[in-house]
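# Close look at the chain arrangement
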Amino acid sequence: MTDCSPTITTSCIAITVPKEFDILIGRGRSAIHHNGNRRFRIFLQRYLPRYVSAKSTTDRDQVANFIVSVIHEAGGRFLKQDPKTQKWHPVDAAMSRQKVRSSFDELMVLQERDRRTATTASVNATRATSASSLSLRASSSSLRASSSSSSSSL
């Protein structure tokens, strides 16, 4: 008898090896490096502007539903692993949509962090350029002062 946890799935289908278009729900290397999850992240980046510009939760859910339907049409499934059996099970539409939304939210956080890092790097580069420019001006001024004092002593 297959143990199907209702918190994982509404289906008792047990999958031993996920397909390449499947999206694995969970943390860890297996989910991060799975081909379906890699493709999923690239796909989400393409639709991130649409998700960000959505005005309401309903609009964001529509974007998430669209993503879920495209994944399903391509033959992909959203799967979660049962910790007891180590088998994968398809999740329901609500959990699939939640996976899409949380992945969009993670992407937005990463983009904001990258934007801040780029801004900080730009500010630091500007400061370094300004400091080096000031130091060159100071060196130039002291050279002029020393050359004018040596020429006046001649």
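Presented here is an overview of the structure given in this document. Remember, it's a predicted structure, so these values are computed and weren't measured experimentally.

### Looking at the side chain of Asn37
By secondary structure assignment, the location of Asn37 is in helix H2 (residues 35–53). On the accessibility criterion, Asn37 (4% relative accessible area) is buried. From its side chain, Asn37 meets the backbone nitrogen of Leu24 in a polar contact 2.8 Å long.

### Some words on the environment of Lys80
Relative to the helices and strands, Lys80 is located in strand E2 (residues 78–81). A sequence separation of 10 residues divides Lys80 from Pro90, and the C-alpha atoms of the two residues are 6.5 Å apart.

### Description of helix H3 (residues 57–73)
Counted at 1.5 Å a residue, the expected span for H3 with its 17 residues is 24 Å, and the 24 Å between its end C-alpha atoms agrees. Among all positions of H3, only Val63, Ala64, Ile67, Val68 and Ile71 are buried. All buried residues of H3 project into a common sector of 140 degrees when viewed along the axis, lining one side. Exposed side chains of H3 directed beyond 90 degrees from the buried face belong to Thr58, Gln62 and Glu73. Looking one or two residues past H3, Gly75 carries a phi angle of roughly 95 degrees, positive in sign.

### Focus on the nonpolar core
Grouped together as the largest cluster of nonpolar side chains are 18 residues, with contacts concentrated most on Phe40, Leu44, Ile67, Ile71, Phe78, Val100 and Phe104. Elements with a minimum of two residues in this core: strand E1 (23–25), H2, H3 and helix H4 (93–152). Per element, the largest residue contribution to this core is 6 residues, and it comes from H2. Formed by 5 residues, the second largest nonpolar core is a distinct cluster that contains Ile15, Ala31, Leu79 and Trp88.

### A look at the sheet that holds strand E3 (residues 88–90)
Sheet architecture is open: 3 strands sit in the order E1-E2-E3, paired in mixed fashion. What marks the edges here is a single partner per strand, and that holds for E1 and E3. With direction set aside, neighbouring strand axes in the sheet form an average angle of 40 degrees. Bridge analysis of E2 against E3 gives 3 bridges, and the strand direction is antiparallel. Directly across from Gln81, in E3, lies its bridge partner Trp88.

### Here we look at unusual backbone geometry
Phi at Gln86 is positive, roughly 65 degrees, even though this residue is not glycine. Position of Gln86 among the secondary structure elements: in the loop between E2 and E3.

### Brief notes about the packing of H2 against H3
For the pair H2 and H3, the least separation of the axes is 10 Å and the interaxial angle reads 155 degrees. If you check the angle between H2 and H3, you find them roughly antiparallel. Remark: the crossing between H2 and H3 carries right-handed chirality. On the side of H2, the interface is formed by Phe40, Phe43, Leu44, Tyr47, Arg50, Tyr51 and Val52, while H3 contributes Arg60, Val63, Phe66, Ile67, Val70 and Ile71. In the contact of H2 with H3, the residues fall into 11 nonpolar, no polar and 2 charged.

The rules behind each value
- Residues numbered from 1 in each chain as written.
- Predicted model: local features only at pLDDT ≥ 70, side-chain atom pairs only at ≥ 80, totals over all residues.
- Heavy atoms only, no water.
- Helix = DSSP H or I, 4+ residues; strand = E, 2+ residues; numbered from the N terminus.
- Buried < 20%, exposed > 50% of the residue type's maximum accessible area, 1.4 Å probe, protein only.
- Polar contact = N/O pair within 3.5 Å; in protein donor to acceptor, adjacent residues only side chain to side chain.
- Expected span 1.5 Å × (residues − 1).
- Arc of directions from axis to C-beta.
- Core = buried A, V, L, I, M, F, W, Y, C linked by side-chain atoms within 4.5 Å.
- Pairing = 2+ DSSP bridges.
- Axes fitted to C-alpha atoms, helices over the stretch in contact; angles between N-to-C directions.
- Parallel < 35°, antiparallel > 145°, perpendicular 65-115°, else oblique.
- Left-handed = near helix turned anticlockwise from the far one by under 90°.
- Contact = heavy atoms within 4.5 Å.
- Nonpolar A, V, L, I, M, F, W, Y, C, P; charged D, E, K, R; others polar.

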